[in-house]
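Architecture and fold: a report
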Amino acid sequence: MHIQANQSLQPYNTFHIDVKTQYLVEISNQSDIPILRSDIKLASLPWFVLGDGSNVLFTHDIQGITVRCGYRKIRVMKEDNESVWLSVGAGISWHEFVRHTVENGYWGLENLALIPGTVGAAPVQNIGAYGAEARDTITRVQTLNLMTGERQEFRNADCQFGYRTSIFKQTYRNQLLVHRVTFKLKKLPFGHPDLTYEPLQAALSDIPKEALTPQKIFDAVVDIRKQRLPDPNVYGNAGSFFKNPIVSAEYFERLIEKFPQMPHHQLLDHTYKIPAGWLIEQAGWKGKRHGQAAVSEQHALVLINLGGATGEEILELAHMIQEDVNQKFGIYLEPEVTII
């Protein structure tokens with residue numbers, strides 16, 4: 001357990017916003033929490049959970065304790081001829097964990113390569129990309145209660161997974177620290193590629209489907225993401241800033257009549273998902289800037305820090321985009337990023 005006072009959070013958020021936290025604590029073991037709570041001053045402060053800050057926009061300093069998970073072990077819990085169950089420490093880098101799985105020939109996470117953040121953030125956000133979501137492979141999530149240190153385990157069905165959300169992001173936000181996550185993955189001969197995302201399918205079209213491996217899909221996903229999305233180490237960003245909106249069939253018919261070129265995807269409940277990036281680009285915001293904040297020229301769904309931007313600047317830019325998209329399309333874009 002490590003405690004630091006008056007610590008900058010700039011290294012711990014991918015927007016690289018320079019805010020400070022009163023205390024920064026890394027928790028590795030269950031026993032760390034009762035020890036911290038035994039300190040009257042620390043126990044009286046608000047506690048805020050942070051991973052690698054890949055889905056957070058800070059707009060002010062944190063008055064209280066910022067808690068990070070320091071547990072970084074991977075264990076094989078069980079396996080059979082077809083599958084393997086891995087228990088993974090929440091403090092491990094998500095991309096490095098995905099790399100570990102494909103190097104071992106496991107199917108299931110290859111489509112989620114190069115997503116920034118930690119393993120602990122995967123169930124909180126129900127991260128997803130290129131046709132896959134974290135909930136597809138998560139079997140259990142083990143958490144620590146930040147008041148008592150008590151362990152609490154959630155099966156997949158208990159997690160209330162939704163589009164970029166979960167029970168950990170809603171009901172138990174800043175109450176539970178994700179400590180370990182268990183994934184069920186398929187071994188090499190028994191899994192199969194998920195090529196529902198058309199650009200990924202196109203990138204691998206010259207390889208026979210039976211010759212595809214998790215490593216080949218991993219490599220293709222990494223290449224696509226590098227081409228489409230700005231590197232947060234160059235221009236601070238949190239990936240997709242807004243969720244793709246979902247509209248009713250009735251409203252979709254009105255929209256498609258007015259905007260016949262509008263891309264869309266019909267869902268099982270007959271509603272329609274519309275790409276937020278397309279809406280932002282049509283509203284004229286791609287590549288535009290506001291102070292040191294801007295809309296990426298690579299992808300209109302990504303807001304970037306050109307260098308030295310404040311969280312307030314980025315949030316003001318987001319509000320202007322929301323207003324223009326709403327005025328043009330009658331659609332309110334909901335942030336995917338958590339705004340602090």
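About the cut-offs
Throughout, a residue's number is its position along its own chain's written sequence, starting from 1. Restriction of local features to residues with pLDDT of at least 70 applies here, the model being predicted, together with a cutoff of 80 or more for giving and counting side-chain atom pairs; totals for whole chains, interfaces and linings are based on all residues. As a rule here, side-chain values come from all non-hydrogen atoms in the structure, and water together with hydrogens is ignored. Secondary structure elements follow DSSP: runs of H or I no shorter than four residues count as helices, runs of E no shorter than two count as strands, and numbering proceeds from the N terminus. All radius of gyration figures rest on C-alpha atoms, and the globule criterion is 2.2 Å times the number of residues raised to 0.38. We call two residues in contact when some of their heavy atoms are within 4.5 Å. Areas reported as accessible are Shrake-Rupley estimates using a 1.4 Å probe. Residue values count occlusion only from the protein chains shown. Here the positive residues are Lys and Arg and the negative ones are Asp and Glu; neither His nor the chain ends is included. Working definition for charges: the position is that of NZ of Lys, CZ of Arg, CG of Asp or CD of Glu. Expected span of a helix: the number of residues minus one, times 1.5 Å. Partly exposed describes any residue whose relative accessible area lies between the buried limit of under 20% and the exposed limit of over 50%, with all areas from a 1.4 Å probe on protein chains only and scaled to the type maximum. Only the stretch in contact is used when a helix axis is fitted, and all axes are lines through C-alpha atoms; the angle between N-to-C directions ranges over 0 to 180 degrees. Roughly parallel covers angles under 35 degrees, roughly antiparallel covers those over 145, roughly perpendicular covers 65 to 115, and oblique covers all other angles. Here is the rule for handedness: rotate from the far helix to the near one, and if that takes an anticlockwise turn smaller than a right angle the crossing is left-handed, while a clockwise turn gives right-handed. The definitions used throughout rest on a 1 Å grid laid over the protein atoms alone, on which a cavity is an enclosed set of points accommodating a 1.4 Å probe that cannot get out and a pocket is an open set flanked by protein within 12 Å on both sides along at least five of seven lines; lining residues are those having an atom within 4 Å of a point. Grid points are joined across faces, edges and corners, and a volume is the space filled by probe spheres set on the points. Polarity classes work like this: nonpolar for Ala, Val, Leu, Ile, Met, Phe, Trp, Tyr, Cys and Pro, charged for Asp, Glu, Lys and Arg, and polar for all others, with Gly in that last group. We call two N or O atoms a polar contact when they sit within 3.5 Å, provided that within protein one can donate a hydrogen and the other can accept it, with sequence-adjacent residues counted only if both atoms are side-chain atoms. We define a salt bridge as a contact between a side-chain nitrogen of Lys or Arg and a carboxyl oxygen of Asp or Glu at a distance within 4 Å.

Examining the overall build of the protein chain
Within the protein chain, the regular secondary structure consists of 9 helices and 21 strands. Relative to its length of 340 residues, the protein chain is compact, with a C-alpha radius of gyration of 21 Å against a globular reference of 20 Å. Judged by the C-alpha coordinates and their principal axes, the protein chain covers about 65 × 55 × 35 Å. Excluding contacts between residues fewer than 6 apart, the proportion of contacts in the protein chain whose partners are at least 24 apart in sequence is 63%. Surface summary for the protein chain: the accessible area is close to 16,100 Å², and the carbon and sulfur share equals 48%. For the protein chain, the centre of its 33 positive side-chain charges and the centre of its 37 negative side-chain charges are spaced 4 Å apart.

Quick look at helix α9 (residues 311-329)
Taking 1.5 Å per residue, 19 residues should reach 27 Å; α9 reaches 27 Å between its end C-alpha atoms and fits that length. Where α9 is concerned, the buried positions are Gly 311, Glu 313, Ile 314, Leu 315, Leu 317, Ala 318, Ile 321, Gln 322, Val 325 and Phe 329.

A closer look at the packing of helix α3 (residues 94-103) against helix α6 (residues 214-228)
One can describe the packing of α3 onto α6 by two numbers: an axis separation of 8 Å at closest approach and a directional angle of 150°. By the angle between their axes, α3 is roughly antiparallel relative to α6. The hand of the α3/α6 crossing is left-handed. Here His 95, Val 98, Arg 99, Val 102 and Glu 103 of α3 come into contact with α6, specifically with Pro 214, Gln 215, Phe 218 and Val 222.

Some details on the layout of surface pockets
Space inside the second largest pocket adds up to approximately 300 Å³. Trp 107, Gly 108, Glu 110, Thr 137 and His 192 are, among the 14 residues lining the second largest pocket, the residues nearest its centre. With 3 residues, strand β13 (residues 176-187) is the largest single contributor of residues to the lining of the second largest pocket. Partitioning the lining of the second largest pocket into residue classes produces 3 nonpolar, 5 polar and 6 charged.

Some details on the environment of Gly 287
With respect to the helices, strands and loops of the structure, Gly 287 is situated in the loop between α8 (276-282) and β18 (289-290). For the pair Gly 287 and Val 302, spaced 15 residues apart in sequence, the C-alpha separation works out to 10.0 Å. Not counting the four nearest positions on each side in its chain, Gly 287 is found in contact with Val 295, Ser 296 and Glu 297.

What about unusual backbone geometry?
Leave glycine aside and you will find that most residues have negative phi; peptide bonds, for their part, are mostly trans. Although it is not a glycine, His 16 adopts a positive phi angle of roughly 60°. Along the polypeptide, His 16 turns up in the loop between β1 (2-8) and β2 (20-27). A relative accessible area of 28% means that His 16 is categorised as partly exposed. Even without being glycine, Gln 160 reaches a positive phi, approximately 50°.

Observations regarding the environment of Glu 110
Relative to the helices and strands, Glu 110 is located in the loop between β8 (106-107) and α4 (121-125). Glu 110 sits 104 residues away from Pro 214 along the chain, and the two C-alpha atoms are 5.7 Å apart. If near-sequence neighbours (up to four positions away) are discounted, Glu 110 is found in contact with Val 98, Val 102, Pro 214, Ile 217, Phe 218 and Val 221. Within the structure, the side chain of Glu 110 is placed 2.8 Å from the backbone nitrogen of Gly 108, a separation counted as a polar contact.

Overview of the side chain of Gln 125
Tracing the sequence through the fold places Gln 125 in helix α4. Among the polar contacts made by the side chain of Gln 125, one reaches the side chain of Lys 169 at a distance of 2.9 Å. In contact with Gln 125, not counting residues within four places along its chain, are Asn 55, Arg 164, Thr 165, Lys 169 and Glu 336.

Focus: the pattern of salt bridges
The tally for this structure, following the rule as stated, stands at 12 salt bridges. One salt bridge in this structure joins Glu 82 and Lys 186, with 3.6 Å as the shortest N-O distance. Here Lys 186 lies in strand β13 and Glu 82 lies in the loop between β6 (74-79) and β7 (83-89), a separation of 104 residues in the sequence. A salt bridge links Arg 135 to Glu 133; the shortest N-O distance between them is 2.7 Å. Via salt bridges that share partners, Glu 26, Asp 52, Arg 68 and Arg 72 belong to a single interconnected network.

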